[in-house]
Amino acid sequence: MARKRKNRTHLKGGAASSPGTAEGVPKSFVIKHGQVGTSLAQLVRDMRKVMEPNTASRLRERARNKLKDFMTMAPTLGVTHLLAFTLTDVAPSLRIVRLSAGPTLSFRLERYSLLKDVARASRRAKSIGTVEYLSPPLLVLASFPTPGPTTPPHLTLLMKTFQTLFPPLSPKTLSLSSARRVVLVSYNAERGTVDFRHYLITVKPYGVSKRVRKVLEGATAASHKSSSHGILDLGNEKDVADFLLRKKGVPGPNSDGYESAASSASSVGGDDVDAISLADDYVGRNNKKGQRRAVRLDEIGPRMELRLVKIVEGVPGREGSVIYHEFVKKSKSQVAAQKAEHAEKEKLRKQRREEQERNVARKNKLTEGKAGEEEDEDEDMDNGEGDEKEQYGREDNFEEGEWDDEEEISEGEEDEDEDNTDAASESSEDEFEVQRPPPKKAKLKGKR
């Protein structure tokens, strides 16, 4: 029975999951480095969900793996960023490495909350499936200073680093239904930290109260565990108006208070600024093009508060000069000396690389020369064997051949030949006694 070959046909993310199909899209590795706890390992898995679908969501690290291993494998897979979480004596830290030339940004995690922690603390916890992670999130940068001559250079570099983590936004080619998540990165100038948030985009009907929305969305609630959630219980109500128009905070069904249509519309949908007209069909019930809908952001986590500690040129293992440091300040002379030291190290590294390349080229030439000499020796041996074969063939022909009928030999010549053969035999016997020649090969070929 032939062996069945399995073909993977359920690639997640469509074209984004296959390497080489989407050019210019940033891809990332989110890993943990060293010994970390369970909470930090869970944070790594949550960050992989945030970076989907352009990340290795099922990447497995081993204890013997080093950062150099991932950096060596990254160019082959088209990975552009490396996010490494590690645990130090002071606090957890995060390094964002721009492959393959740098820079490297080091952060300290002041505080963080996992995805499950945010879901427990939220009153409206959302059950998120796999469809929301098939498209990359939208990036929103808030409270960053505008780039200019007076702006600190490390803030501009920090903002560009987060911009390159996610695919660029193109309004002309963006599909509205693919915008499902939002990543908010805001800068807190008072604390000097960066807040990282992850939201889910939800669309609600605008201009109706919460009770009316329950009636409109009653059919969608049938997917809950209990089937009774899909049916509204109006047994204690005298009239449907008691349920739809009752004021907020009135518990009993005997209340005679009603709220006006204007108050109900404003209490639910909010101001008119919160409502938008859909430019295209969106995910959800009755979210058609041109409908008036209210957009809401529900936080799904994870949540992080990052403090920028250091920015270094290059990548780990090939660091350059320090561009920015939160706690260490150097004078201009110290910075110049550090730059000269790094330039000297880079020069020495280039010399070693060139010397290594020359040694490799020299060894390749030597191996090629040896291979050519061996080929020549083989050809000479083949030619020698061919000459021996020709010689043996001539001897065979001479022994087995017959006299030529056209050749004439006189009697005098025959006597001279006999005398010569006798003399030759006597001399050969003398030589045989002095030095014995090697025995001749046995002739197996005979006449038939």
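The following paragraphs examine the structure supplied in this document. Just so it is clear, the structure is predicted and the values come from calculations on it, not from any experiment.

### Points about unusual backbone geometry
The peptide bond linking Leu-99 to Ser-100 adopts the cis configuration, its omega dihedral lying at 5°. Structurally, Ser-100 can be placed in the loop between β3 (92-98) and β4 (104-113). The step from Gly-102 to Pro-103 runs through a cis peptide bond, and the omega angle for that step is 5°. Turning to its location among the elements, Pro-103 is positioned in the loop between β3 and β4. Of note in this structure, Ser-143 is not a glycine but carries a positive phi near 65°. Along the chain, the position of Ser-143 falls in the loop between β5 (138-142) and α4 (153-165).

### So, the pattern of salt bridges
In total, this model carries 10 salt bridges according to the counting rule given. Between Glu-132 and Arg-180 there is a salt bridge, and its shortest N-O distance comes to 3.4 Å. Pair noted here: Glu-132 is in the loop between α3 (115-121) and β5 and Arg-180 is in the loop between α4 and β6 (181-188), with a separation of 48 residues, a long-range link. The exposure class of Glu-132 is buried, given its relative accessible area of 13%. Among the residues examined, Arg-180 registers a relative accessible area of 11% and is labelled buried. Linked through salt bridges whose partners overlap, the residues forming this network are Lys-32, Arg-48 and Glu-61.

### Here we look at the pairing of strand β1 (residues 28-32)
Within β1, four of the five residues are buried, which leaves it mostly tucked inside the rest of the structure. Here β1 runs beside strand β2 (residues 81-87); their pairing, made up of five bridges, is parallel. Each bridged residue has a counterpart across the sheet, and for Ser-28 the counterpart in β2 is His-81.

### Some points on empty space enclosed by the protein
With the rule as written, the count across this model stands at two cavities of 30 Å³ or more. One number sums up the size of the largest cavity: a volume of about 50 Å³. Every residue along the wall of the largest cavity is listed here: Met-47, Met-51, Leu-83, Leu-94, Ile-96, Phe-162, Leu-165, Phe-166, Phe-196, Met-304 and Leu-306. Broken down by class, the residue content of the lining of the largest cavity amounts to 11 nonpolar, no polar and no charged. Of the volumes computed, that of the second largest cavity is approximately 40 Å³. A class-by-class count of the residues in the lining of the second largest cavity yields seven nonpolar, one polar and one charged.

### Notes on α4
It helps to recall that an α-helix has 3.6 residues per turn; residues three or four apart then point in one direction. Between the first and last C-alpha of α4 there are 19 Å, a value that for 13 residues agrees with the 18 Å anticipated at 1.5 Å per step. Within α4, the full set of buried residues consists of His-154, Leu-155, Thr-156, Leu-158, Met-159, Thr-161, Phe-162 and Leu-165.

### Considerations on the pairing of strand β9 (residues 292-299)
For strand β7 (residues 193-205) and β9, the ladder comprises seven bridges, and the chain directions are antiparallel. Across the sheet, the residue bridging to Lys-204 is Ala-294, located in β9. Two elements, strand β8 (residues 275-277) and β9, share three bridges in a ladder whose sense is antiparallel. Paired with Ala-275 across the two strands is Ala-294, which belongs to β9.

### Concerning helix α1 (residues 38-51)
A rise of 1.5 Å per residue sets the reference length of α1, with its 14 residues, at 20 Å; its end C-alpha atoms lie 20 Å apart and thus fit the reference within 8%. Residues of α1 that are buried include every one of Leu-40, Ala-41, Leu-43, Val-44, Asp-46, Met-47, Arg-48, Val-50 and Met-51, and no others.

### Quick notes on the nonpolar core
In this structure, Phe-85, Leu-94, Phe-107, Leu-158, Phe-162, Met-304 and Leu-306 are the most contacted members of the largest nonpolar core, which totals 33 residues. Elements supplying a minimum of two residues to this core: α1, β2, β3, β4, α4, β6, β7 and β10 (303-315). A per-element tally of this core places α1 first, with six residues. Counting 13 residues, the second-largest nonpolar core is a separate cluster that includes Leu-59, Phe-70, Met-71 and Val-97.

### What about the environment of Pro-316?
Of note, Pro-316 is situated in the loop between β10 and β11 (318-325). Relative accessible area serves as the criterion here: at 16%, Pro-316 is assigned to the buried category. Sequence separation of Pro-316 and Met-71 is 245 residues, and the distance between their C-alpha atoms is 9.1 Å. Ignoring sequence-local partners within four residues, the contact set of Pro-316 consists of Leu-67, Met-71, Arg-95, Val-97 and Thr-104.

Definitions and cut-offs
Throughout this document, residue positions are counted from 1 along each chain, in the order its sequence is written. Owing to the predicted nature of the model, reporting of local features is limited to residues with pLDDT of at least 70; listing and counting of side-chain atom pairs is limited to 80 or more, with chain, interface and lining totals taken over all residues. As a rule here, side-chain values cover all heavy atoms of the structure and leave hydrogens and water aside. Helix and strand labels come from DSSP, where a helix needs a run of H or I of at least four residues and a strand needs a run of E of at least two; each type is numbered from the N terminus. We define a salt bridge as a contact between a side-chain nitrogen of Lys or Arg and a carboxyl oxygen of Asp or Glu at a distance within 4 Å. Only protein chains enter the accessibility calculation, which uses a 1.4 Å probe. A residue is then buried if its area is under 20% of the maximum for its type, exposed if over 50%, and partly exposed in between. Here, a strand pair is defined by DSSP locating no fewer than two bridges between the strands. Put plainly, a pocket is an open set of points on a 1 Å grid over the protein atoms alone with protein on both sides within 12 Å along at least five of seven lines, a cavity is a set where a 1.4 Å probe fits but cannot get out, and a lining residue has an atom within 4 Å of a point. Grid points are joined across faces, edges and corners, and a volume is the space filled by probe spheres set on the points. Classification convention: Asp, Glu, Lys, Arg as charged; Ala, Val, Leu, Ile, Met, Phe, Trp, Tyr, Cys, Pro as nonpolar; all other residues, Gly among them, as polar. Here the expected length of a helix is defined as 1.5 Å per residue gap, with one fewer gap than residues. In plain words, nonpolar cores are sets of buried Ala, Val, Leu, Ile, Met, Phe, Trp, Tyr and Cys residues tied together by side-chain atoms within 4.5 Å. Here, two residues are considered to be in contact whenever any of their heavy atoms come within 4.5 Å of each other.

In short, geometric facts, not functional conclusions.
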